[in-house]
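If you want the building blocks of each chain, they are given just below.
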Amino acid sequence: MKARTQVGIIGAGPAGLMLCHLLRLRGIDCVVLEARSRRYVEERVRAGVLEHGVVETLREAGLADRLEREGLRHAGIAIRFNERSHRIDFTELTGKAVTVYGQQEVVKDLIAAALAAGTPIEFDVMDVAMHGIDGKSPTLRYRDAKDTVRELTCDYIAGCDGFHGISRPGFPAGVIRTFERDYPFAWLGILAQSPPPSHELIYVHHDRGFALFSMRTPQITRMYLQCAPDEDIANWPDERIWTELRRRLEGDDAPALEVGPILQKGITPMRSFVAEPMRHGRLFLAGDAAHIVPPTGAKGMNLAIADVRVLAKALDALYKQGDAAQLDRYSDTCLRRVWKAERFSWWMTSLLHRFHAQSPFDYRVQVADLDYLTGSRAASTALAENYVGLPFEET
Ligand code: APR
Ligand code: PHB
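Described below are features of the structure shown in this document. (Residues numbered from 1 in each chain as written. Chains lettered and ligands numbered in written order. Predicted model: local features only at pLDDT ≥ 70, side-chain atom pairs only at ≥ 80, totals over all residues. Heavy atoms only, no water.)

### Quick look at unusual backbone geometry
- With an omega of -10 degrees, the peptide bond between Glu276 and Pro277 qualifies as cis.
- With respect to the helices, strands and loops of the structure, Pro277 is situated in the loop between β18 (262–276) and β19 (279–280).
- Even without glycine at this site, Glu83 takes up a positive phi of about 65 degrees.
- Note on placement: Glu83 falls in the loop between β6 (76–81) and β7 (84–89).
- Even without being glycine, Ala298 reaches a positive phi, approximately 60 degrees.
- Its place among the elements puts Ala298 in the loop between β21 (291–292) and α8 (300–321). (Helix = DSSP H or I, 4+ residues; strand = E, 2+ residues; numbered from the N terminus.)

### Describing the site of ligand 2
- As a structural note, the neighbourhood of ligand 2 is formed by 14 residues, with Tyr203, Ser214, Arg216, Tyr224 and Pro295 the closest of them.
- Note that an oxygen atom of ligand 2 is positioned 2.7 Å from one of the side-chain N or O atoms of Tyr203.
- Tyr224 places a polar side-chain atom, nitrogen or oxygen, 2.6 Å from an oxygen atom of ligand 2.
- Coverage of ligand 2 by the protein amounts to 100% of the 280 Å² it exposes when considered alone.
- Where the shell around ligand 2 is concerned, the elements lending two or more residues are β16 (211–217) and β17 (220–227).
- Broken down by element, the residue count for the shell around ligand 2 peaks at three residues, all from β16.
- Along the lines of polarity and charge, the residues of the shell around ligand 2 split into nine nonpolar, three polar and two charged.
- Counting contributing residues per domain, the shell around ligand 2 is built from domain 1 (2–48 + 102–176 + 277–351) and domain 2 (184–269 + 358–387), each supplying no fewer than three. (Near = heavy atom within 4 Å. Polar contact = N/O pair within 3.5 Å; in protein donor to acceptor, adjacent residues only side chain to side chain. Areas by Shrake-Rupley, 256 points an atom, 1.4 Å probe, with all protein chains shown as cover. Nonpolar A, V, L, I, M, F, W, Y, C, P; charged D, E, K, R; others polar. Domains from an automatic or database assignment.)

Limitation: the analysis is restricted to geometry and does not speak to function.
Encoded structure:
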């Protein structure tokens, strides 16, 4: 069966769904193809910090009703080292704040908005394949949830299918250059039914390894412990998790840690990755399909939203004014900001984690860096500016 659309979108994560929403607001037709079920994408627990500008983008797009009711506005974070916490006050330093609201909640809101507007999202599709990305009418062939083979002819294709998707490997050989860094550790992520130890996030540097205390609601804590990259989750019974969390939070000013049922646990790998360029012919990459950051700076979803803002505006300029200049600059515009988030995420990761081969000298330098960061207004401002989100690029 054959159909036509203006923009064919592969992937219903934050990038694909937000692109679909922004295009629909501009009257541009699109179809989203997703390999997983609606339930799967809505339940997938991931990071949960939204930059100031991302919240504004969601608000302008009419997507912030629940976010405004349920999201938690955070005016700062604590950085903890040598058993003491030091607050970085974002609002004082930048006039801005971040909002804690789970990524899957953003995804649920986006899916609800799309379905209410009658925008097609096809879940449970199989074998999506791209054809003719160098020509004028690229197509997406796939099998739908009922196993019917379908062909969707598009003006443009947006590869929003995450790091393991098919769009980036669909670039012709030699077109893409990749840049990457692996880290010799991972995060053990824990979702627990217990009140968070503080009303703000605590990033902990500790000689047993990094820890992070975040939250989803005032009753649900989200926590992470640095662990080995090949860690077996079976080695982490709940009791061991609480003991380790408590040890990494120790110190005279340590907030109390309330034990509660662990609702979910899993291992998050750490990687930095960028693919350049983010466009070939009529195929555009956005979000994790083009770049990955380690989660320490909480930038993953924010970057995905920033990419599709640029793409939606550029497609609008093309369709409304016949102006292809923004679309031609898409990759360069995104990559300038992407690299700054890559640098920030790499830096936060390097600053706060324990490295295997770390010498006593390296450790002292890390602590000196943390001491400078939390003691200097200039250094704290640099962290705050990056954390609340750098300005969106002009396109
Ligand atoms: N066909 C259809 N859908 C696919 C395919 C495929 N071949 N491959 C992957 N997908 C889907 C995945 O099932 C997933 O739902 O693409 C979607 C990609 O979504 P995300 O991985 O959430 O990526 P993105 O939208 O770029 O969002 C980036 O997600 O990984 C986190 O921390 C990261 O917060 C960041 C955000
Ligand atoms: C989270 O709440 O899941 C979270 C918060 C901050 C991070 C990463 C993850 O840096």
